Amino acid sequence: MQQFATRLVERRFQSLSVGFLSTCAALGIGVWGNLLGASPALSAERLTTYVGPLQLSISVDALETYAQTGQASGNLRLFLGFLDADSQAQLRRLLQHEMKADVALVSRVLNIPMAEQVLQSIGKTLQTDSGLNGFRAVRSALILSAANHPDGWTWIDWMRQYPTPDIRIDLSSLMALLQDLKTVVLYQDAAAQVVMDVSNQEAAADPEFAYDQLPDLSQPGPYAFRREQLTFDIQATRTTLDGFSGRYTMRVDVYIPENAPAPAPLVIYTHGWGGRLSDGMVDGEHLASYGFAVAVPEHIGTTDTYRSLFLAGGLGDLTSPTEYVSRQQDIIFLLDELEKLDATDPQWQGRIDVQRVGIIGQSLGAMTVLGAAGASFDPAQLVPRCAEGLTQINPSFLLQCHARFLPPTLYDFTDPRIRAGIAQYPMGATLYGQSGVGNVQIPMLILAGTRDILAPSVYEQIPMFAWMDAPDQYLGLMVPGTHFSTSPPQNEELVPARIRGPAWAIGRSYIRNLSVAFFKIYLSDRPESSEYLPYLTASFGQVLTQRAAAFSSDENRLYLIKSLSPAQLAAAYGGQIPGGVRPLASRSSPVAASRSVLDDLDATGVLRIGIRSEVAPLGYVNPQSEWTGFCFDMARQLADYITTTESRSVALVVLPSNADNRFDLVRTGSVHLECGPNPIHTTVNGIVFSEPFYATGNFGLVPNESLECSFYGLALPDGDRPWRSLVNRYLRSEPARLQRREYARNFDTDNLFNLETCFR
């Protein structure tokens, strides 16, 4: 295995190393608007590095002459002597390559936090002449190149705009980056090879069966269908195009099979960043033709309209950190609304089974799938990992690190109605970590591609699959698939050809076959569903590859596996996974309490809640000497929720708490939760907080600048995941949302302002 990886890297490493800096620079283009149109007082004259006491320099003039004529002189000739002919040709093409970008767009992109992280990483290598991190100089040169050369600029032009005489290359940093890259290439190939080996082993062990005679499920199914368009008014706080709002409209396309056995199992399609409702059309129509109802919700904080507004300068960042919560809540709210339709609208009664639900998504949508399947995350665990900066060639890492700005509590969006999930190119290894992914407890199918440059399989899908402990799990690796190998055809024009990968018709044939079979097996209550099991085997993966060769000249082989351990991945790389490759594992989940609050409720029938009595409007004594407030009403509502939704009849007992004993009451089991002004943080031993139910802040004289933000959560006993999940489900329920909105009526505007400011 080691020899296999070494042979591959020898062929690929030279081209990757020469293009590495240009790839990094392409990820970060822009600068502050006040630099536009100005020429730098200085410009770079040479590239300089130091080898011990020796200074080696290559003049920009020499590089320009080489780019134009192929003639080298001075130290450039010495440098080229270390490169073979192919690498020299690639370097010259790199220097000649023209880039064109709108200068205003370039400026906006580089001022977002994610882009600054990229530039900080680049600036460690491309320093100023005084040896400082060169990220500001890199950014300045990029924007001035775009401004002064609107018809196209080259890297020579960029060097001419660099604002110091020397572009100092830190050799140790450069060599470390190149060594890391070489290691990553080795491990990428080794990890892919171990998946291929496992797939071949599983195929050899598959039962004898005529897999090549299985019907092609990429063809339309037997049912006609129609599309219905729904809109729901959701009473909940969410990022919208107008900022934070206490209510929003959710648009949903629903594909309904006709004349199929009713009620139809439901599949939710969740789109990616910059997506739209039409993205779900291909999957929606295909699955509906096989008897599934398909609902496609619009996640308004990550739509194509949101993307366009960002590119036009109307928004300050790619997305708000709250999207990691809001997208998950969209799924839950959608199921709640469909349940209400089934209960109240005769036209919808009996048409959809909202208790048998699958979910499918791609990219950011696939990360939403993992969250709905049970993967949990704690923003506090992201902070040290993300503070290291971009230490891996993985753009999705930066997007995941956005979630570190959320209140530091454990987020768990498990919903018992969701029974199976398909995640295409999911990101989430940093967000969820090993323990969070290990919480997935429903059947799961993950798709990955070996040439995915946005969420590389070596960082994301392959390790997450190895961490997973689902009852039934499958990994489909496409070689050489990309992040877009199963994208809907209407998105083809949006993806540059050079990163599009093999013909999309191949990937679409794969996902159509696999998704129909997967959901037939895991959403069906009919005995005949077992006839689809052969579709989820390594042997059928080989059949799909052979069928693809019959209609496309492109190659994109599919390798299906059912199991892969971290130990197998480590063994693939000689027994040690490179530290720069594997995201840091999250903190191990607390050991589950030997007795859950739910056990106590079953045994005693009493729900005990601690409430403060001196903190209006949460808990206080009114002029009539009555104990009242939000927490008191919440306690009664939670007791009703447990009785009606959990089939546990409970009586409520409220106990007084104060600032000194509130957490001790929870730790000792005197109360099952405590409600009050409890800021969410991670330093309270034995306590975990619910999802936030309110935000507040202290603000200074500078507009929109928060000096301190506080998010209030319910105090719960640590280690009791079933109880925490139930409380969080209650907080997301419509009665709880309406109650919070009623209490916030007089100061709702301030609360929304606080939220928007805290996440800016």
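Quick caveat, the model's predicted, so the values are computed rather than measured.

A. Fine view of the overall build of the protein. A count of helices and strands for the protein gives 27 helices and 25 strands. Relative to its 760 residues, the protein shows a buried fraction of 57%. Excluding contacts between residues fewer than 6 apart, the proportion of contacts in the protein whose partners are at least 24 apart in sequence is 77%. Accessible surface, the protein: about 31300 Å² in total, of which carbon and sulfur atoms supply 52%.

B. Structural view of the state of the cysteines. For the structure shown, the criterion picks out 2 disulfides. The residue that forms a disulfide with C386 is C401, at a sulfur-sulfur distance of 2.0 Å. Taking the torsion about the S-S bond as the criterion, the C386 to C401 disulfide, at about -90 degrees, is left-handed. Of this pair, C386 sits in helix 14 (residues 379-387) while C401 is found in helix 15 (residues 395-401), placing the two residues 15 residues apart along the sequence. Shown here is the disulfide that connects C631 with C675, its sulfur atoms set 1.9 Å apart. Linking C631 and C675, the disulfide has an S-S dihedral of approximately -65 degrees and is accordingly described as left-handed. Of this pair, C631 sits in helix 23 (residues 630-645) while C675 sits in strand 21 (residues 673-675), and the two are 44 residues apart along the sequence. Of the residues examined, C675 reaches a relative accessible area of 0% and is grouped as buried.

C. Local environment of the pairing of strand 4 (residues 166-169). By the bridge criterion, 3 bridges tie strand 1 (residues 46-51) to strand 4 in an arrangement that is parallel. In the strand pairing of strand 4, R46 is matched with D166. Relative to strand 4, strand 3 (residues 126-127) is paired through 2 bridges, and the arrangement is antiparallel. Opposite L126, over in strand 4, you have I169 as the bridge partner.

D. Examining a nonpolar patch on the surface more closely. Together, V51, L54 and L56 make up an exposed nonpolar region whose accessible area comes to about 250 Å². Its place among the elements puts L56 in strand 2 (residues 54-59). According to the relative accessible area criterion, L56 is partly exposed, its value standing at 35%.

E. Layout of the sheet that holds strand 5 (residues 225-234). Across the sheet, 9 strands lie side by side as 5-8-10-9-11-12-13-14-15; this open sheet has mixed pairing. Each edge of the open sheet is held by one strand with a lone partner, namely strand 5 and strand 15 (557-561). Mean inter-strand twist for the sheet, computed between neighbouring axes without regard to direction, equals 20 degrees. Where strand 5 meets strand 8 (residues 248-257), 10 bridges bridge the pair, whose relative direction is antiparallel. Bridge pairing in strand 8 places L230 opposite V252. Across the sheet, helix 10 (residues 281-288) lies against strand 5, strand 8, strand 9 (264-270), strand 10 (293-297) and strand 11 (352-362), angled at about 35 degrees from strand 8, the strand it touches most.

F. Molecular detail of the packing of helix 23 against helix 26 (residues 734-743). As a packed pair, helix 23 and helix 26 sit with axes 11 Å apart at the nearest point and diverge in direction by 165 degrees. Overall, the two elements helix 23 and helix 26 adopt an arrangement that is roughly antiparallel. The way helix 23 lies across helix 26 gives a crossing that is right-handed. Note on element contacts: helix 26 touches helix 23 through P735, A736, Q739, R740 and Y743, opposite F630, D633, M634 and Q637. The residue inventory of the contact of helix 23 with helix 26, partitioned by class, reads 5 nonpolar, 2 polar and 2 charged.

G. How the structure looks around the packing of aromatic side chains. Applying the stated criterion to the full structure yields 16 aromatic pairs. With centroids separated by 5.0 Å and ring planes inclined at 55 degrees, the aromatic side chains of F518 and Y522 adopt a geometry described as tilted. Taken as a pair, F518 and Y522 lie in helix 19 (residues 504-522) at a separation of 4 residues, close to a single helical turn. Joined through ring pairs, the aromatic side chains of F292, Y474, F518, F519 and Y522 make up one cluster. Here the guanidinium or amino end of R351 rests over the ring plane of W348, the centre of that ring lying 4.4 Å away. Here R737 stacks its cationic end above the ring of F333, 3.9 Å away from the centre of that ring.

H. The arrangement of the confidence of the model for the protein in detail. For the protein, the average pLDDT comes to 83, and 86% of its residues sit at 70 or higher. Counted against residues more than four places away or in other chains, residues 1-40, with its pLDDT under 50, gives 86 contacts.

I. Region of interest: helix 19. Spanning 19 residues, helix 19 covers 27 Å between terminal C-alpha atoms, matching the ideal 27 Å at 1.5 Å per step. Along helix 19, 17 of the 19 residues are buried, which leaves the element largely enclosed by surrounding structure.

J. Here's a closer look at the sheet that holds strand 4. Reading across the sheet, the 4 strands line up as 2-1-4-3 and stay open at both edges, with mixed pairing between neighbours. A single partner strand is all that each edge strand has here, and the edge strands are strand 2 and strand 3. Bridge count between strand 1 and strand 2: 6 bridges; the pairing is antiparallel. Residue pairing for strand 2: L47 is matched across the bridge by I58.

K. Molecular detail of the environment of L477. Secondary-structure assignment places L477 in strand 14 (residues 473-479). Each C-alpha atom of the pair L477 and S457 lies 8.7 Å from the other, and the pair is 20 residues apart in sequence. Those residues in contact with L477, other than ones at most four positions away along the chain, are A192, V195, A448, G449, T450, S457, R557, L558 and Y559.

L. The arrangement of the side chain of S289 in detail. The topology assignment puts S289 in the loop between helix 10 and strand 10. A polar side-chain atom of S289 sits 2.8 Å from the main-chain amide nitrogen of G221. Those residues in contact with S289 that lie beyond four places of it in its chain are P220, G221, P222, Y223 and F225.

M. Up close: unusual backbone geometry. A cis amide bond, omega -5 degrees, links A262 with the succeeding residue P263. Topologically, P263 is positioned in the loop between strand 8 and strand 9. Backbone geometry places Y425, a non-glycine residue, at a positive phi of 55 degrees. With respect to the helices and strands, the residue Y425 is situated in the loop between strand 12 (418-424) and helix 16 (429-437). With a phi angle near 55 degrees, S647 is a residue other than glycine that sits in the positive phi range. With respect to the secondary-structure elements, S647 resides in the loop between helix 23 and strand 20 (651-656).

N. Quick peek at the environment of A423. Inspection of the secondary structure puts A423 in strand 12. By relative accessible area, which is 0% here, A423 ends up buried. With 22 residues separating them in the primary sequence, A423 and L445 have C-alpha atoms 6.2 Å apart. Filtering out sequence-adjacent residues up to four positions away, A423 remains in contact with G361, A366, V369, L370, M444, L445, I446 and L447.

O. Quick look at helix 13 (residues 364-372). Taking burial as the measure, the 9 residues of helix 13 include 9 buried ones, the bulk of the element. Those residues of helix 13 not exposed but buried are L364, G365, A366, M367, T368, V369, L370, G371 and A372. Where helix 13 ends, the next residue or the one after it, G374, has phi of about 120 degrees, a positive value.

Cut-offs and rules
Residues numbered from 1 in each chain as written. Predicted model: local features only at pLDDT ≥ 70, side-chain atom pairs only at ≥ 80, totals over all residues. Heavy atoms only, no water. Helix = DSSP H or I, 4+ residues; strand = E, 2+ residues; numbered from the N terminus. Buried < 20%, exposed > 50% of the residue type's maximum accessible area, 1.4 Å probe, protein only. Contact = heavy atoms within 4.5 Å. Areas by Shrake-Rupley, 256 points an atom, 1.4 Å probe, with all protein chains shown as cover. Disulfide = S-S within 2.5 Å. Pairing = 2+ DSSP bridges. Patch = residues over 30% accessible without salt bridge, like charges linked within 9 Å, V, L, I, M, F, W, Y side chains within 5 Å. Salt bridge = Lys/Arg side-chain N within 4 Å of Asp/Glu carboxyl O. Axes fitted to C-alpha atoms, helices over the stretch in contact; angles between N-to-C directions. Parallel < 35°, antiparallel > 145°, perpendicular 65-115°, else oblique. Left-handed = near helix turned anticlockwise from the far one by under 90°. Nonpolar A, V, L, I, M, F, W, Y, C, P; charged D, E, K, R; others polar. Phe/Tyr/Trp six-rings, centres within 6.5 Å; stacked < 30°, edge-to-face > 60°. Lys NZ or Arg CZ within 6 Å of the ring centre and 35° of its normal. pLDDT = per-residue confidence, 0-100. Expected span 1.5 Å × (residues − 1). Polar contact = N/O pair within 3.5 Å; in protein donor to acceptor, adjacent residues only side chain to side chain.

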